[in-house]
Amino acid sequence: MSGLSFQQAGELLKISIEKARGSHGREIFVKTFIPSFRMFSDLDRGLYFPHFFAWMGETRELLAVPILDQISQYVSTGKWSIVTNSVSLDILGERMGEDNIVQVRVWSGESAQSSVELFFEWTSLGAAGLIEKIAVGRMKTTWVEVIGHGVVKPRDFPTFYRDFINRMSPRQGEPDISAVAAEPLRDVSLGETLFKAKCGPRAVVPLASKSFESSLYDSTIVNNIYFSNYAMWMAKLREHHFWSLMPHIYISPERDGILKCITCNINYLREGMPFDTIHVTMSLKGLYEMGIELYFEFFREDPDGTRVKLAYGEHRAVWMAKNAHGRFRPASLPREIAMPLQQAANMFAHA
C-alpha cells in the first residue's frame with residue numbers, strides 16, 4: 001500500500017459511524033488519518049505522547065459535528081462551556097504501516113447529569129488491516145456555566161447534547177467493542193523496585209521545575225487554557241531534565257536507547273487562563289530497574305508569588321534499548337539516569 005494515490009487516500013482517509021451491534025447498537029465514531037511528520041517527534045521517530053492529548057480534543061470536537069451549530073450558539077455567548085476534568089493515556093504499541101495510517105475509534109461510557117466519559121482507541125493500519133493497537137485514552141468532561149474569569153459551575157446537559165451522548169452510550173448486554181489487535185506494550189514490566197514514594201502529601205522527590213507564559217495561542221473559544229497544553233508542558237519539563245542528564249541521546253542519530261512514555265494521566269482542578277504564568281513541578285514517585293514513575297503539579301503563579309494549584313498528573317516511562325535486530329525493547333536504565341535519581345531519592349529520605 002506504500003505510496004497512496006490521491007484517489008486511494010480519498011477513499012481511505014475519512015470519518016464514519018459504526019454500529020456496535022446491528023442497527024440498535026451504540027454509535028462509534030471512526031476517523032482514519034495520516035499524522036503529520038511533526039507528530040513523529042519521539043526519539044525513536046515514533047509518535048510523541050503529548051500529541052495524543054491534542055488528538056483527543058480534536059476528535060471530541062469532530063465527532064460533535066451533527067450538533068456543532070447548537071454547541072457554538074451556547075459557547076459563543078461566553079456563558080457556557082465544556083471543560084475537561086481528567087484525561088489518561090496508555091501506550092500499547094508503536095509499529096506503523098508503510099503509509100503511517102492511523103485509525104481512532106471513539107465511544108461514550110456511562111454519563112451523569114452534567115458529565116460524560118469518552119473512550120479513545122488508536123490502531124495502526126496496513127495493507128492487510130490492523131497492525132497494532134497504538135494507544136487507548138479516556139477523557140471525562142463536564143458541561144458548565146461560566147460564572148466569572150476562570151470560574152465555572154457544573155450544570156445539567158442541554159437536551160440536545162444529552163440525546164447526542166446517549167447515541168454513543170453502552171447498551172445492555174453489548175459485547176466488547178474494542179478492536180482486536182496486538183498490544184506489545186500492555187502491562188510492560190518496569191522491573192525491580194528501587195524506590196517507591198510513601199503515600200501522602202510531599203512524599204515524592206522533587207526533581208525539576210519550569211515556568212511557562214501562557215497566551216491566547218494556548219486558549220479556546222471560551223478563553224480558558226486548552227487542556228492538552230498541560231501534557232505538552234509535562235513533556236517539555238521531562239525532556240529538559242533528562243537532556244541535562246543524557247544530552248547525547250537527544251543529539252546523536254545513532255542513539256541506543258530512549259525513555260518511552262507508557263502511561264500518563266492529568267486531573268484538572270480549576271481553569272488556567274491566557275497570560276497566566278504556569279509553574280510546573282516534576283517529582284520522582286517511583287524508580288525501577290527499567291523505568292520511572294513521575295508526578296507533576298501545575299500551578300498558576302500570581303504576581304505576588306502566590307501559587308494556585310490548577311492540575312496534577314502522573315507519568316510512567318520505560319527505558320527502551322535496541323536489541324540485536326535493531327528494535328527497541330525494555331532494558332535496564334542507564335547509569336546516567338539511574339544514579340542521579342537514586343541519589344536524589346536517598347538524599348530526600350535522609351533529609
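To keep things clear, this report deals only with the structure shown in the data block. (Residues numbered from 1 in each chain as written. Predicted model: local features only at pLDDT ≥ 70, side-chain atom pairs only at ≥ 80, totals over all residues. Heavy atoms only, no water.)

### Quick look at the overall build of the chain
The criterion, for reference: Per the convention used, a helix needs a DSSP run of H or I reaching at least four residues, while a strand needs a run of E reaching at least two, with both numbered from the N terminus. When accessible area is computed with a 1.4 Å probe and restricted to protein chains, residues below 20% of their type maximum are described as buried, those above 50% as exposed, and intermediate ones as partly exposed. The criterion used for residue contact is that any of the two residues' heavy atoms lie within 4.5 Å.
Of regular secondary structure, the chain possesses 7 helices and 14 strands. Expressed as lengths along the three principal axes of its C-alpha atoms, the size of the chain is roughly 60 × 55 × 40 Å. Going through the 351 residues of the chain one by one, you find that 51% of them count as buried. Considering only contacts in the chain between residues 6 or more positions apart, those separated by 24 or more positions represent 70%.

### Concerning the pattern of salt bridges
When the charged atoms of two side chains lie near each other, side chains of opposite charge can form a pair. Rule in force here: Salt bridge criterion: a side-chain nitrogen from Lys or Arg within 4 Å of a carboxyl oxygen from Asp or Glu.
Scanning the entire structure with this criterion turns up 19 salt bridges. One salt bridge connects R155 with E145, and the closest N-O pair in it is separated by 2.7 Å. Of this pair, R155 sits in the loop between β7 (151–154) and α4 (159–166) while E145 sits in strand β6 (residues 129–148), and the two are 10 residues apart along the sequence. You can call R155 partly exposed: its relative accessible area is 30%. On the basis of relative accessibility, which here comes to 22%, the residue E145 falls in the partly exposed class.

### Focus: the packing of helix α2 (residues 50–63) against helix α5 (residues 228–245)
As a reminder of what qualifies: The convention used is that axes are lines fitted to C-alpha atoms, helices contributing only their stretch in contact, and that angles between N-to-C directions extend from 0 to 180 degrees. Oblique is the label for every angle not falling under 35 degrees (roughly parallel), over 145 degrees (roughly antiparallel), or within 65 to 115 degrees (roughly perpendicular). Polar here means any residue other than Ala, Val, Leu, Ile, Met, Phe, Trp, Tyr, Cys and Pro, which are nonpolar, and Asp, Glu, Lys and Arg, which are charged; Gly is therefore polar.
The geometry of α2 relative to α5 is characterised by a closest axis approach of 8 Å and an angle of 175° between their N-to-C directions. Considering their axes alone, α2 and α5 lie roughly antiparallel with respect to each other. Residues P50, H51, F53 and A54 of α2 touch α5, and the partners they reach there are S228, A231, M232 and A235. Class assignment of the residues belonging to the contact of α2 with α5 gives a composition of 6 nonpolar, 2 polar and no charged.

### Quick notes on helix α7 (residues 335–349)
Basically, it comes down to this: Take the number of residues in a helix, subtract one, and multiply by 1.5 Å to get its expected span. The arc in question is formed by the directions pointing from the helix axis toward the C-beta atoms.
An ideal rise of 1.5 Å per residue puts 21 Å on 15 residues; α7 measures up with 20 Å between its terminal C-alpha atoms. Within the sequence span of α7, burial applies to I337, A338, L341, A344 and A345. In an axial view of α7, the angular spread of the buried residues amounts to 135°, which keeps them on one side of the axis. Seen from the buried face of α7, the exposed residues on the opposite side, beyond 90 degrees, are R335 and M347. Each element contacted by the buried residues of α7 is listed here: β8 (193–196), β9 (205–213), α5, β11 (277–288), β12 (291–301) and β13 (307–322).

### Comments concerning the environment of S114
Inspection of the secondary structure assignment puts S114 in the loop between β4 (101–111) and β5 (115–126). Here the alpha-carbon distance between S114 and W143, two residues 29 residues apart in the chain, equals 5.4 Å. Those residues in contact with S114 that lie beyond four places of it in its chain are T141, T142, W143, P154, R155, D156, F157 and R162.

### Things to note about the side chain of D276
Going by this rule: Positive charges are assigned to Lys and Arg, negative charges to Asp and Glu, while His and the chain termini are left out of the count. Distance and chemistry together define a polar contact, namely a pair of N or O atoms within 3.5 Å, with one atom able to donate a hydrogen and the other to accept it when in protein, and with adjacent residues in sequence counting only for side-chain atoms on both sides.
Within the fold, D276 resides in the loop between β10 (257–268) and β11. It is R300 that comes nearest to the buried, bridge-free D276 among opposite-charge side chains, at 4.8 Å. Here M273 takes part through its backbone nitrogen, which lies 2.8 Å from a polar atom of the side chain of D276. Not counting residues up to four positions away in its chain, the partners in contact with D276 are F212, E213, S214 and R300.

### Brief notes about the state of the cysteines
So the rule is basically this: Cysteine sulfur atoms that come within 2.5 Å of each other are treated as a disulfide pair.
One pass over the structure, following the stated rule, counts 0 disulfides. Cysteine C261 remains unbridged, with the sulfur of C264 as its closest cysteine sulfur at 5.2 Å.

### What about the environment of K260?
Within the secondary structure layout, K260 lies in strand β10. K260 sits 59 residues away from W319 along the chain, and the two C-alpha atoms are 6.1 Å apart. Setting aside residues up to four positions removed in sequence, K260 forms contacts with D42, D44, G46, L47, E94, R316, A317, V318 and M320. A distance of 3.0 Å separates a polar atom in the side chain of K260 from a polar atom in the side chain of D44.

### Thoughts on the packing of aromatic side chains
Just so we agree on the cut-off: Aromatic contacts are taken between Phe, Tyr and Trp rings whose centres are within 6.5 Å, Trp giving its six-membered ring; a plane angle under 30 degrees counts as stacked, one over 60 as edge-to-face, and the others as tilted. Whether a charge sits over a ring depends on NZ of Lys or CZ of Arg being within 6 Å of the ring centre and within 35 degrees of the ring normal.
Going through the model one piece at a time under the given rule, you end up with 20 aromatic pairs. For the pair Y226 and F227, a centre-to-centre distance of 4.9 Å together with 55° between the ring planes defines the contact as tilted. For Y226, a relative accessible area of 18% gives the class buried. Here F227 falls in the buried class, since its relative accessible area comes to 5%. Taking 5.3 Å as the distance between ring centres and 65° as the angle between the ring planes, the aromatic pair formed by Y230 and W233 counts as edge-to-face. Of this pair, Y230 and W233 both sit in helix α5, 3 residues apart, roughly one helical turn. Here the aromatic cluster, defined as three or more aromatic residues joined through ring pairs, consists of F212, Y226, F227, Y230, W233, Y268 and F298. Across from the ring centre of F33, 5.0 Å away, lies the NZ or CZ of K31, which sits over that ring. Positioned over the ring face of Y288 is R316, at 5.8 Å from the centre of the ring.

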